[in-house]
Amino acid sequence: MTEPRLYRRIRRRELHRSRSGATVVTLVVVALLAALIGTECALAALGRPPLLIAPGRLLGLAVSGSAITETAGAVVALLGAVALLLALLPGRRSRHSLAHDRLAVVVDDAVIAGALLRDARRSAALAPDRVAASVSRRRASVRLTPTSGIPIDVAAVRESADSLLAELGASPSVRAVVDIASKGEVGS
Amino acid sequence: MTRSNRVVNRIILFVVGLTALAGGAVLLLPLLGRAAPLRLPAPDTLAPATLAIVSVATAIVVVLSVAWIVTRGRGRTSQLLVVPGEAGVLTLDSRVAADLVADALAHNADVVSVGSAGFRMRGRTVLSLRVVARRAADLSSLVAAVSEAIGALDAILDTRLPVLLQVVPGVRVIRARENRAR
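Bear in mind the structure is a predicted one, so any value in this text is a computation, not a measurement. (Residues numbered from 1 in each chain as written. Chains lettered and ligands numbered in written order. Predicted model: local features only at pLDDT ≥ 70, side-chain atom pairs only at ≥ 80, totals over all residues. Heavy atoms only, no water.)

### With respect to the side chain of Thr145 of chain A
Here's step 1: Examined against the element boundaries, Thr145 of chain A turns out to sit in the loop between β4 (139-144) and α6 (154-168).
Here's step 2: Exposure remark for Thr145 of chain A: the relative accessible area of 19% places this residue in the buried category. (Helix = DSSP H or I, 4+ residues; strand = E, 2+ residues; numbered from the N terminus. Buried < 20%, exposed > 50% of the residue type's maximum accessible area, 1.4 Å probe, protein only.)

Right, dumping it as structure tokens:
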């Protein structure tokens, strides 16, 4: 496998959940249930007394329509729906990959937010606690709280954030949105 | 990162999920005033042959499940490079690579720690570097510094190892909120 193809594969695997944990938990439950049912069936076939419940009685209980079986049915259906969602949803992680010619780079969104924060502080000349940044899949939002009476050059902040994002080359691509609090704060 | 087959993970979750959903729906049918759609054999009259078939089938399910569970997480390795020579075999541990990169990043105030591991993928050994960054780190120069250190590693080893660089936030940021920095 050539390096670009290998890197593509690595990046894709890093940006999505493996679902191994969910699968292992599911299979543990399935194995325990199967072991119980199998044991009871084997005991019944040999004419031995059941461990917990004879298979015939279990089957009778299942079609009886009592409150217990209905509750159990609801719980089982719900767990099944959760497993189906885990199987079908894309399972994206809050990460982006960055363009690089030597490394496969995968960065948590919080780190990209931190880089934008640092950049916005400098371009807006604000104290650290006046800037907040967050990154979602397609959007990076930078929120600034100006010092009362001192205007902020929004265009410059946006341009600086966009050029940082372009330099990083995040994939999926991210667009910067800059918000300025309508009320400033007094002091530095 | 491991070599786990993710498509099979999804298929297992899909099949088990669909079965559980269908089974749960059957149990809920009496609630709608309908009889079970399946003509189930009367209780306590299950044929021994049916019981035997079910026992064997469940035994197979148990064996396959356990087999799948215990084979997860394969593909990790600590040996990045194995070079057989006349005097013996030279191996490069992933920790050496981590130390090299950590050294290169020693003066970078944005870096909390550097960890490393190796994993096999498609016949190649990949070096996986995990850099824990402080809040508001200068990401571009951090990546550039790691790249430079890997360039030095390439020169020493006279080969190009595939490298994965993961940059993750420090604990304080994770605890605050996953994708947010203040």
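And the narrative resumes.
### Re the interface of chain B and chain A
Here's step 1: In this assembly, 69 residues from chain B lie in contact with 84 residues from chain A.
Here's step 2: Carbon and sulfur atoms make up 66% of the area that chain B and chain A hide from each other, which totals about 6,600 Å².
Here's step 3: Inspection of the region where chain B meets chain A yields three salt bridges.
Here's step 4: Note that Arg160 of chain B and Glu3 of chain A form a salt bridge whose closest N and O atoms lie 2.7 Å from each other.
Here's step 5: Among the elements of the structure, α1 (6-28), α2 (48-70), β4 (111-121), β5 (124-133), α4 (139-157), β6 (163-169) and β7 (180-181) of chain B are those that each provide at least two residues to the side of chain B that touches chain A.
Here's step 6: The greatest single-element share of the side of chain B that touches chain A, amounting to 14 residues, is contributed by α1 of chain B. (Contact = heavy atoms within 4.5 Å. Buried area = accessible area lost by both parts, 1.4 Å probe. Salt bridge = Lys/Arg side-chain N within 4 Å of Asp/Glu carboxyl O.)

### Comments concerning the nonpolar core
Here's step 1: In terms of nonpolar packing, the biggest core is built from 63 residues, with Ile10, Leu116 and Leu144 of chain A together with Leu139, Val146, Ile150 and Leu165 of chain B touching the most fellow members.
Here's step 2: With eight residues, the single largest contributor to this core is helix α5 (residues 109-124) of chain A.
Here's step 3: Beyond its immediate chain neighbours, meaning those up to four positions away, Leu144 of chain A contacts Ala120, Ala124, Leu126, Arg130, Val131, Ile152, Val157, Val178, Asp179, Ile180 and Ala181 of chain A. (Core = buried A, V, L, I, M, F, W, Y, C linked by side-chain atoms within 4.5 Å.)

### Regarding α2 of chain B
Here's step 1: In this model α2 of chain B runs 33 Å from its N-terminal to its C-terminal C-alpha over 23 residues, within 8% of the 33 Å that 1.5 Å per residue would give.
Here's step 2: Taken together, the buried positions of α2 of chain B are occupied by Leu51, Ser55, Thr58, Ser65 and Trp68 of chain B.
Here's step 3: On its buried face, α2 of chain B is in contact with α2 (20-45) and α3 (55-62) of chain A together with α1 of chain B. (Expected span 1.5 Å × (residues − 1).)

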